[in-house]
Amino acid sequence: MAPLLEVKNLSIAFRSFRGVRRVVDGVSFAIAPGEQVGVVGESGSGKSVTMLAAMGLLPGSAIIESDGIVINGRDLSKASDRQWSAVRGDDISMVFQNPMTSLNPSMRIGPQVSESVAVHRRGTSAAELRKVAREMLREVAVPNPDLRATQYPYEFSGGMRQRAVIAMALAGEPAIVVADEPTTALDVTVQAQIVGLMEDLTQKRNLASVVITHDLGLVAEMVERVIIMYAGRIVEETPVGPLFDRPAHPYTRALLESRPVTTERHGRLNAIPGLPPTSADAVPGCPFHPRCTFARDREICRTERPPLTRFADGRASACHFYEEVLAAEEPRTGTGQAAPTAAAADGEVVLELEDVSKHFGKVKALNGVSLAIRRGETLGIAGESGCGKSTMARIAMGLLKPTAGQVRVNGRDISQLRGRALREARRDIQMVFQDPTSSLDRRMRIRSIIAEPMVIAGMKRAAIAARIEALMEAVGLAPHYLAAYPSELSGGQRQRVAIARALALEPDVIVFDEPTSALDVSIQAQIVNLLDDLRQSANAGYAFIAHDLGVLRHVSDAIAVMYLGRIVETGPTDALFCDPRHPYTRALLASAPVDHPKHRRQEKFVVEGSPPDPANIPSGCCFRNRCPLARDICASEEPPLIEVGAAGHRAACHFAADTALLATLPTLTITEQ
Amino acid sequence: MLRYVLRRIGQAAVVIFIVSVVVFMMVHMVPGNVVTVLAGTDPTPEVVEALTKRFGLDQPLPVQYAKWAAGAIQGDLGTSPISGRKVSELIASRMGNTLLLAGAAIVLAAVFGIVVGVVAALRRGGWIDTALTGLNATILSIPNFWFGIIMILVFSVWLRLLPSGGFRGFEREGLSALRYLVMPAIALSMDSGAMIARLVRASVLDELSRDYVTVARAKGVRGAWLMRKHIARNAAIPVLTVLGLRFGQMLGGAVLIESVFNWPGLGRLTVEAIETRDVVVVQGALLYFVAVYMLINLLIDISYGWFNPRVRASVGGGE
Amino acid sequence: MRETLAYLWHHRTGRIGVCLVSFMVLVAIFAPVIAPYGPNEQIRGAELMGMSWEHPFGTDFLGRDILSRTIFASRISLTAGALAVVLGAVLGIAMGLSAGSLGGWTETVMMRASDSIMAFPAILLGAAVVAILGPGFVQVAIAIAIAQSPLFARLTRAIALSEARLEYVEAAESMGATKLRIMLFHILPNSAGPLIVQASLSVGIAILLESGLSFLGLGVQPPTPSWGQMLADALRFIDFIPSYAIFPGIALTIVLVGVNFIADALRDKIDPQSVTKGGSN
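What counts, and at which threshold
Residues numbered from 1 in each chain as written. Chains lettered and ligands numbered in written order. Predicted model: local features only at pLDDT ≥ 70, side-chain atom pairs only at ≥ 80, totals over all residues. Heavy atoms only, no water. Helix = DSSP H or I, 4+ residues; strand = E, 2+ residues; numbered from the N terminus. Areas by Shrake-Rupley, 256 points an atom, 1.4 Å probe, with all protein chains shown as cover. Rg over C-alpha atoms; globule rule 2.2 N^0.38 Å. Buried < 20%, exposed > 50% of the residue type's maximum accessible area, 1.4 Å probe, protein only. Contact = heavy atoms within 4.5 Å. Expected span 1.5 Å × (residues − 1). pLDDT = per-residue confidence, 0-100. Pairing = 2+ DSSP bridges. Axes fitted to C-alpha atoms, helices over the stretch in contact; angles between N-to-C directions. Domains from an automatic or database assignment. Buried area = accessible area lost by both parts, 1.4 Å probe. Polar contact = N/O pair within 3.5 Å; in protein donor to acceptor, adjacent residues only side chain to side chain. Nonpolar A, V, L, I, M, F, W, Y, C, P; charged D, E, K, R; others polar. Core = buried A, V, L, I, M, F, W, Y, C linked by side-chain atoms within 4.5 Å. Salt bridge = Lys/Arg side-chain N within 4 Å of Asp/Glu carboxyl O.

Chemist: When you look at the overall build of chain B in this model, what are you seeing that I'm missing?
Modeler: Looking only at helices and strands, chain B has 15 helices and 0 strands in total. Summed over all atoms, the accessible surface of chain B reaches about 14500 Å², with 66% contributed by carbon and sulfur.

Chemist: Teacher, can you tell me more about the overall build of chain A here?
Modeler: Looking only at helices and strands, one finds 25 helices and 25 strands in chain A. For 673 residues, the compact-globule formula gives about 26 Å, and the C-alpha radius of gyration of chain A, at 26 Å, lands near that figure. The principal-axis extents of the C-alpha atoms in chain A amount to approximately 70 × 65 × 45 Å. Within the span of chain A, comprising 673 residues, buried residues form 59% of the whole. A separation of at least 24 residues holds for 68% of the contacts in chain A among residues at least 6 apart in sequence. Within the structure as shown, chain A displays about 26400 Å² of accessible surface, and the carbon and sulfur contribution to it stands at 49%.

Chemist: Could you clarify how one ought to interpret helix 19 (residues 491-503) of chain A in this entry?
Modeler: For an α-helix, the turn length of 3.6 residues means that residues three or four places apart are oriented alike. All names here are of chain A. For helix 19, built from 13 residues, the straight-helix expectation of 18 Å at 1.5 Å per residue is met to within 8% by its first-to-last C-alpha distance of 19 Å. Among the 13 residues of helix 19, 12 are classified as buried, and the element is accordingly described as predominantly covered. Listing the buried residues of helix 19 in full gives G492, Q493, R494, Q495, R496, V497, A498, I499, A500, R501, A502 and L503.

Chemist: Whenever I open this one, the side chain of K389(A) confuses me. Can you help?
Modeler: Mapped onto the elements, K389(A) comes out in helix 14 (residues 389-396). The class for K389(A) is buried, based on a relative accessible area of 9%.

Chemist: Please explain the confidence of the model for chain B as it appears in this structure.
Modeler: Any residue range with low pLDDT should be treated as having predicted coordinates unsuitable for detailed reading. The predicted model of chain B has a mean per-residue pLDDT of 82, with 88% of residues at 70 or higher. Complex prediction metrics read pTM 0.82 and ipTM 0.84.

Chemist: How should I be thinking about the sheet that holds strand 18 (residues 412-413) of chain A in this particular structure?
Modeler: Consider a sheet: its strands pair through backbone hydrogen bonds, and that pairing is either parallel or antiparallel. Residues and elements named next belong to chain A. Strand order in the open sheet made by the 4 strands is 15-14-17-18, with antiparallel pairing throughout. Both outer strands of the open sheet, strand 15 (363-374) and strand 18, are each paired with one neighbouring strand and no more. With 2 bridges connecting them, strand 17 (residues 404-409) and strand 18 associate as antiparallel partners. When the sheet's bridge partners are listed, R408 is paired in strand 18 with D413. The sheet contacts of helix 14 involve strand 14 (349-360), strand 15 and strand 17, and relative to strand 14 the element is tilted by about 120°.

Chemist: Explain the domain arrangement of chain A here, please?
Modeler: Frequently, the measure chosen for interface size is the accessible area that the parts lose on association. Residue and element names in this part refer to chain A. Taken domain by domain, chain A holds domain 1 (5-223), domain 2 (245-327), domain 3 (340-517 + 531-542) and domain 4 (564-673). Of note, the centres of domain 1 and domain 4, computed from C-alpha atoms alone, are 34 Å apart. Taken together, the contacts link 15 residues of domain 1 with 17 residues of domain 4. Across the domain 1 to domain 4 interface the summed buried area is about 1200 Å²; carbon plus sulfur atoms make up 55%. Together, T189, A220 and E221 form the three largest contributors to the area buried by domain 1 at its contact with domain 4, with a combined 44%. If you look at where domain 1 meets domain 4, you find 1 residue pair in polar contact (both at pLDDT 80 or more). A class-by-class count of the residues in the side of domain 1 that touches domain 4 yields 8 nonpolar, 5 polar and 2 charged.

Chemist: What should I look at first to understand the side chain of S80(B) in this one?
Modeler: Summarising the element assignment, S80(B) is placed in the loop between helix 4 (61-73) and helix 5 (87-122). A polar contact of 2.6 Å, which involves the side chain of S80(B), links it to the side chain of D278(B).

Chemist: Even after reading the chapter, I still don't get the pairing of strand 10 (residues 225-230) of chain A, so can you show me in this structure?
Modeler: As a general feature of sheets, a regular strand has side chains that alternate between the two faces. Residue and element names in this part refer to chain A. Of all 6 residues in strand 10, 6 are buried; the element is thus mostly enclosed. Covered by surrounding structure in strand 10 are R225, I227 and M229 together with V226, I228 and Y230, the residues of both alternating faces. Two strands pair when backbone bridges link them, and strand 3 (residues 36-40) and strand 10 are joined in this way by 4 bridges, in the parallel orientation. Note on strand 10: the bridge partner recorded for V39 is I227. Pairing of strand 10 with strand 11 (residues 233-239), which is carried by 6 bridges, proceeds in the antiparallel orientation. Within strand 11, the position partnered with V226 by the bridge is T238. With antiparallel pairing between neighbouring strands as the criterion, strand 10 and strand 11 make up a hairpin whose turn holds 2 residues, including A231 at a positive phi of roughly 50°.

Chemist: How should the sheet that holds strand 3 of chain A be read in this particular structure?
Modeler: All names here are of chain A. Reading across from one edge, 7-8-9-3-10-11-13-12 is the order of the 8 strands in this open sheet, with mixed pairing throughout. Of all the strands in the sheet, just strand 7 (92-95) and strand 12 (309-312) have a single pairing partner and so form its edges. Ignoring strand direction, the axes of neighbouring strands in this sheet form an average angle of 25°. Pairing of strand 11 with strand 13 (residues 315-317), which is carried by 2 bridges, proceeds in the antiparallel orientation. Residue pairing for strand 13: E237 is matched across the bridge by A316.

Chemist: Whenever I open this one, the nonpolar core confuses me. Can you help?
Modeler: The nonpolar side chains of soluble globular proteins are, as a tendency, buried together. Membership of the largest hydrophobic core comes to 258 residues, with the highest contact counts inside it found for L5(A), I12(A), F29(A), I166(A), L286(B) and F215(C). Take this core: its biggest share by element is 14 residues, from helix 14 (residues 279-307) of chain B. Residues from two domains meet in this core; each of domain 1 (5-223) and domain 2 (245-327) of chain A gives at least three. Sequence-distant contacts of I166(A), defined by excluding residues within four places in its chain, comprise V95(A), V140(A), I194(A), L197(A), M198(A) and L201(A).

Chemist: What should I look at first to understand the pattern of salt bridges in this one?
Modeler: Any two side chains of opposite charge can pair, given that their charged atoms come close. All names here are of chain A. Enumeration according to the criterion identifies 49 salt bridges over all chains in this entry. A salt bridge links R535 to D532, with the shortest nitrogen-to-oxygen separation between them at 3.0 Å. Residue R535 and its partner D532 are located together in helix 20 (residues 521-537), separated by 3 residues, close to a single helical turn. The exposure class of R535 is buried, given its relative accessible area of 12%. The network of salt bridges with common partners includes R22, D25, R233, D281 and R305.

What follows is the structure in structure tokens.
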């Protein structure tokens, strides 16, 4: 069958005031009708730019060269915007990453959904268009489509918006849909809904789809064939099956080995050293060779660009030594034993929250949360947006005052402290924020940034200088960065600076608020390893907030799962992952992308809807309106956190002890260590 | 929405109150008050005392303020001791002329600004954009009252095409009175026009870079449709805001332009009053300007609701 | 500072701006050397003369050389503009910082005060202030400074509020930093860029206001020459000596083009987050 979309030898460069920067170099691929293809790469790999070029959507500053961009047999590489417009929305369409910005805020949903029909089939009557919108919304399972079509985007939740965006992309009945990170901006449980929806739709409509993603889990779940990109080139092309067991390119292999997974727990991750190149021709020879374990000192890797070589049916690799890579043993996530967790049990409690609540007017962000962290222990905190985990972090830090309850750091209640006493107490508990770009003052040099807490604490100059040196070494940064500004550092390096700053005063508690979620997979592994080292050496208690369950499983001794400002389940990491006793925990685990296609399941437990507004919390159990197990008792009685199974394992569900009933909500197969 | 509107009205009332106090105090700080002006160069103490009594200047300041403010709320801004006319009548007699000039200028500015701004944005980076942007920067740097003088020089003194100033109204001259309007309106519209052009260009470019515009293009939307449905509406909000504010400022009297062209508007009235130390008129006129400006500001804020479905939907509701 | 100059020099219109402004500054400094006559030197029998070799711009109704007066007038414009912006910026930044950092009652007072100033047409506000303080150079600068201060107050507060949302402020707070320290060491340095852009825009507005007040006879008083005052004279005698109106206006425009080009170039580099409403009129 002739391909629907064929891109031949595509190169893209951007003109800027710094000169011309090449971001895509000689990319060719073809998508057949009905085929599901994943394009995988980290930021800067050129994956999104390639697909935007394939839709004629790049801005004028892009220099595009190719031997053809063929859609449905028509070569559009030289087409005008008018010709492109005739194809876009009709033959090929796109779903974008961020549903919050993809919809026009001042236009009703209905007309936006039916717009591609309106532009491609001029003269379609208004009634007809309304019908199209309604039916499309119904097809993407937006409840009450008649009403919803007349609403504006702000009246839709994130998940509903993404459904509307998908409806918009499909309304013109294209043969191929490009989805650019379609689930990245969404919460875990909503992600699973959208993945399910896209699978249904592609099957039902016999659609071809291209899913652009950084997430190998999503690929394992959704596609048949994978294209891996690195530094503007395709480095590997393969059916999804062999990818996870027998990768043919060292980069693919390294990516697989560097990601923490939910199903198993390991010691150190195999992080990829170094940074990806900034442009397609920044590195001579093979662009991956400086970070490659197979290249070693081989001359050819440094000097000669490896061509994309086809070696088996549907498989290709751009590595000089792909046979060696193929012959290597199966890739493993991490090496060595899991970090010992026993030490934690006998440390003294450094941070304790007792029955803490925080209300902002009607919004009940936090409701009676209690937890304790011992010296040497890491408590992972999981939950979706709006569950109150960031509010809790800020209360623990003394940045917000709780409405009720006590916050004790080293046994001392800090929630009632003010002024100087509060400022001094804050030094015992430090925080590493999600985005190092905004948590570091962009006008200060690294030296001043790390020194600041010590200056405020009144340390002597010589002592500060010595401590800075030690800290830089501890976080693995070369001393010459001390004179740099944050903008001169990469994201991972900046996060190292933020960690050094948090360590400066040797606090008793460190709160990590999503410290790796702004980072690429390969850099994330480096930071996770650094945190591992710190936990071994520094003598503090750690709270680790994250939405990525793989990272949480990897770093935490114990986990607390939060929903609507409450802790619904808490316990030792393995107990919680292997024997989850709250339906919400089970939903989270089931919704996380699988880490190997062999874990794809026919049936899986996906909860409907998204978390309710914290200003309007249901009576009784807060999860009951989404819970498939809900009975009358759930509406009338709020379940307390009760002890279940292993020591310290507690869940707030009326059915937490009923393992047979819980088993009707299948999660992942998770192996105990 | 309702609460929002009420809050904005409250804020405006506070500002008008502060301004009224400031204006009142300001005028009383002016060296030489009504009395010294009216009493002539060498007044006898009796004359001074009589005049002081007549204008109530012997009473404590708060009492004087209260009287004045109470009058102002009822639309009575006092009587000019110099011309003997009521301030409200003086303002009313000039308001029409100011409205005419400001209206003509704002229409010119809007037309120029929108056309130039949209063209520049759509030809971004090209020579047309460069030329138009340069033109804007230059216009913004030319003092409009000087440009007015140059226009008089060219069109009145040299070419004798247009009258150099004055305006006697349509009742006396019919439509040919418009000849008096041409130059002042152009001069007054210049910098606003250039500023609007700049803003339109920036807003359109900003819209073009939005995700939902890319999404629309991915649906096959282009050209006039894209402009009308996805760009115009959202880009219009900042533009209308600035147009409204500019109009409000013009209604406060285009003092310089009115002076250059001897245009009988509110700005001239105020300047003349300052020159003759006619404090009652100065007080009244300043208070009137601020009230008009605040009113327009308020209307702009409320009209956001019309463009923002989120605000519009919550009419009567909370925030 | 040097970095900013280097940037301006490499900016297409920024370089033109720097050249024009430097030119006028040099003219102002060396006015006594350059000008062929004294600013108030009256040449008997040469009243209201057109352009000639002795008087390239002509002479005014008192027989004074227009070229010389135009040159000397640059001193008033430039110094009044600079002084007004410095005063206005100090006043406005103080208002904005106290509003942004202290919040509550202080904030309400400061913001309503700046709303009130903004509600006046700038030139009338200037005229009223001059009416109270009396005409004169310093009084004009103070009047303009008051009219400009709300722009700085609003911008400073807006930046302070938006910076306060960034996590580095929370990070500083969690180290035990005081509000004052956060304001001075973090927020103020991060506001510098937009404030500099606002200041450069304000110089243009201030010079324009000064010339407007002078045009109305409310600026520096005769015989000290200023461009606005000369333009007022030019309008009175426009039928007798048309060229009078041209040169003071061109000088004024050159300064404004220079200042605005510099401001635009700076804005290209550091876009102030909020486009402040309004302007002069």
